[in-house]
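# Coordinate inspection notes
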Amino acid sequence: MANLPAQAAADTLGARLGRVALYAALGLFALFYLMPMLVMIATSLKDVEEIRSGSLLAWPQSVSLDAWRYAWSEACIGVECTGLAPYFRNSVLMAVPAVLLSSLFGALNGYALTKWRFRGANVVFGMLLFGSFIPFQVVLLPMSQTLGFLGLASSVPGLVLVHTVYGIAFTTLFFRNYYVTLPDDLVKAATIDGAGFFTIFWRIILPLSPSIIVVTVIWQFTQIWNDFLFGASFTSGGAQPVTVALNNLVNTTTGVKLYNVDMAAAIIAALPTLLVYIVAGRYFVRGLTAGSVKG
Amino acid sequence: MPADAVASARAADTGDAGAGDAGARGWLQRHLSKLVVAPSFAAALIFFYGFILWTVIISLTGSRMLPSYEIVGFENYVNIWRLSRWETAVENLFLFGVLFMGLSMALGCLLAVLLDQRIRAEGALRTIYLYPMAISYIVTGTAWKWLLDPGIGLEKAMHDLGWTGFAFNWINDPDMAIYTIVLAAVWQASGFVMAMVLAALRGVDDEIIKAAWLDGASLANIYRRIIIPTIRPVFLSAFVILMHLAIKTFDLVMALTAAGPGTATSVPATFMYDMAFQRDRLDFAATSAVMMLATVAAIIVPYLYSEIRSGKRG
């Protein structure tokens, strides 16, 4: 860029002002995204009196974790005053098996559909892929009948089943798109050496898959942990996941409204996925884009 | 294509007709791939397509609290439009969808372009813009519900700062409440557009831009003639995803306004839930669900078709 130095010298002031404006704009946007979270954190650390009298935007004068403790173990959700703890446990018991099962099925499907192609493999993939776009409203009614029929109505195992089944569409898409980029010669050479389907998967394919496994697990965990529709439709009372319990807690209208408790509860419900995002944000972004681009 | 070549070579080796290579082991090895996919395929047939069929059938019946299988034809698809709540829901979805998609795209693109100017602390800023996407819509709804509550939220904060004329009570105003949902949804999803567009911008070949720059092309022209055409597929993907998100919007409405005040912020997803689980109108619940599916399918099927075709060539 031969003409750049001259140009840069010519409008140093303009360029510098431009940079200042650029950073100012970026900073303002950062504030827009951070503000709700910061206000939530600050509010969760205040007592009710300070919320009423003080400013929304002020940092708490005396930091107190009372609201957090109350939200975790004492707050009333419906008629039960157990705090969020048991519902948080439900979410863990729901998310962990559902994530593992759906990822395992996705990996095997992706491997079979790309490295051991059979007649109709594309049709099978297309039918699974469409499943990842279904608005779940269209399966709510038959699913709730089916869960009742299986004796899994309003239970955590029922939610595991639902999330596993509807997760397979996404996990198959992720693994299939990744395995399609691995050279087929890997598999071919191993078959000539006499290795079978599962030996090749275990010895050759899985060792090449850590990054796609991380992407898939993070994506599935975020989706399942944050789900509200299935939890609200298929469970009641003690079997509810944390998102449903949070919504009930916030909308419980008896007594004085404890805003600090609401905010602490919301942060508690958000914490697991937020931590995953902060620790492994790179993979989270890859999941977002992998879920959208290219079949 | 190598994958096909390997597969057909293997098919030839083992003999698809089944002659010669007999024995259970040989059969198993040949069909293992299908057997592994079979459970998922069966699940898809039942839980996706079977369930859709069931819902379609129910939408053609007069089911109330319990499913009945007496077909009454397409009556429900006519009658549902007589319900003012369904009309509100469809209008809201249209208004919400257009604003949500437009604003998320605009803000996401703007952020991506700003971040693409060799910014210091780009990683931290990106993390900040995108984190809402990691949290539940219920949490987002809870936070914004509180911020937008005129008695305790931003309105009160402005009054405390001395700006007593400040009024911001959209959330309690039936005509304006839908815009609060737009605001919270854009807050949540715009970072996602930013991430996609930024990734695409990074994929544009620097050499071409440098060459154009040397030839004296203006920045505006470089964007219009080189960058935007190159990253156009990403716009399409982002639009499809956002539209899909918009049609499925449920959690956020439940947490932020619970479809109120009254029924002012109903959307098809809350309508369906209400009919199914609160009002014992399985017929209307199924009808609305089928219409949602049809809308999604009309957008997604052509998109997937073109994606898979272009994927094949690549």
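Bear in mind the structure is a predicted one, so any value in this text is a computation, not a measurement.

## Focus: the overall build of chain B
When you go through chain B residue by residue, the secondary structure sums to 14 helices and 0 strands. Each helix and strand of chain B, placed in order from N terminus to C terminus, yields the pattern α-α-α-α-α-α-α-α-α-α-α-α-α-α. Compactness check: chain B gives a C-alpha radius of gyration of 26 Å against a globular reference of 20 Å for 314 residues, more than 25% above the reference. In terms of overall dimensions, chain B has C-alpha extents of about 90 × 70 × 30 Å along its principal axes. Relative to its 314 residues, chain B shows a buried fraction of 50%.

## Re the state of the cysteines
Residues and elements named next belong to chain A. All chains considered together, the criterion is met by 1 disulfide over all chains. With its sulfur 1.9 Å from that of its partner, Cys 76 forms a disulfide with Cys 81. Around the S-S axis, the bridge from Cys 76 to Cys 81 shows a dihedral of about 95° and counts as right-handed. Of the residues examined, Cys 81 reaches a relative accessible area of 43% and is grouped as partly exposed.

## Here we look at the side chain of A:Asn247
Along the chain, A:Asn247 falls in helix H13 (residues 242-251). We classify A:Asn247 as buried; its relative accessible area is 7%. With residues up to four places along the chain from it excluded, the contact list for A:Asn247 reads A:Phe228, B:Ile138, B:Met254 and B:Ala255.

## Observations concerning the packing of aromatic side chains
Across all of its chains, the model carries 36 aromatic pairs over all chains by this definition. On the numbers, 4.8 Å between centres and 50° between planes, the contact of A:Tyr111 with A:Phe197 is tilted. Within this pair, whereas A:Tyr111 is found in helix H5 (residues 85-115), its partner A:Phe197 is found in helix H10 (residues 197-205), the two being separated by 86 residues in sequence. With respect to burial, A:Tyr111 and A:Phe197 carry one shared label: buried. Of the aromatic side chains, those joined through ring pairs into one cluster are A:Phe32, A:Tyr33, B:Tyr129, B:Tyr131, B:Trp144 and B:Trp187.

## Thoughts on the confidence of the model for chain B
All names here are of chain B. Summing up the model confidence of chain B, the mean pLDDT is 86 and the portion of residues at 70 or higher is 91%. Here helix H1 (residues 2-14) stands out as the element of chain B with the lowest mean pLDDT, 40, in contrast to helix H4 (residues 84-115), whose mean of 95 is the highest. Taken as a whole, residues 1-20 scores under 50 in pLDDT and shows 17 contacts with residues more than four places along the chain or in a different chain.

## Notes on the interface of chain B and chain A
Counting from both sides, the interface comprises 102 residues of chain B and, opposite them, 97 residues of chain A. Buried surface at the junction of chain B and chain A, summed over both partners, amounts to about 8,900 Å²; 76% is from carbon and sulfur atoms. Here chain B is connected to chain A by 0 salt bridges. Classifying every residue of the side of chain B that touches chain A by side-chain character gives 72 nonpolar, 15 polar and 15 charged.

## Re a nonpolar patch on the surface
On the surface, B:Leu53, B:Ile57, B:Tyr69 and B:Ile71 cluster together into a nonpolar patch covering about 400 Å² of accessible area. With respect to the helices and strands, the residue B:Ile71 is situated in the loop between helix H2 (24-59) and helix H3 (75-79).

Scoring rules and cut-offs
Residues numbered from 1 in each chain as written. Chains lettered and ligands numbered in written order. Predicted model: local features only at pLDDT ≥ 70, side-chain atom pairs only at ≥ 80, totals over all residues. Heavy atoms only, no water. Helix = DSSP H or I, 4+ residues; strand = E, 2+ residues; numbered from the N terminus. Rg over C-alpha atoms; globule rule 2.2 N^0.38 Å. Buried < 20%, exposed > 50% of the residue type's maximum accessible area, 1.4 Å probe, protein only. Disulfide = S-S within 2.5 Å. Contact = heavy atoms within 4.5 Å. Phe/Tyr/Trp six-rings, centres within 6.5 Å; stacked < 30°, edge-to-face > 60°. pLDDT = per-residue confidence, 0-100. Buried area = accessible area lost by both parts, 1.4 Å probe. Salt bridge = Lys/Arg side-chain N within 4 Å of Asp/Glu carboxyl O. Nonpolar A, V, L, I, M, F, W, Y, C, P; charged D, E, K, R; others polar. Patch = residues over 30% accessible without salt bridge, like charges linked within 9 Å, V, L, I, M, F, W, Y side chains within 5 Å. Areas by Shrake-Rupley, 256 points an atom, 1.4 Å probe, with all protein chains shown as cover.

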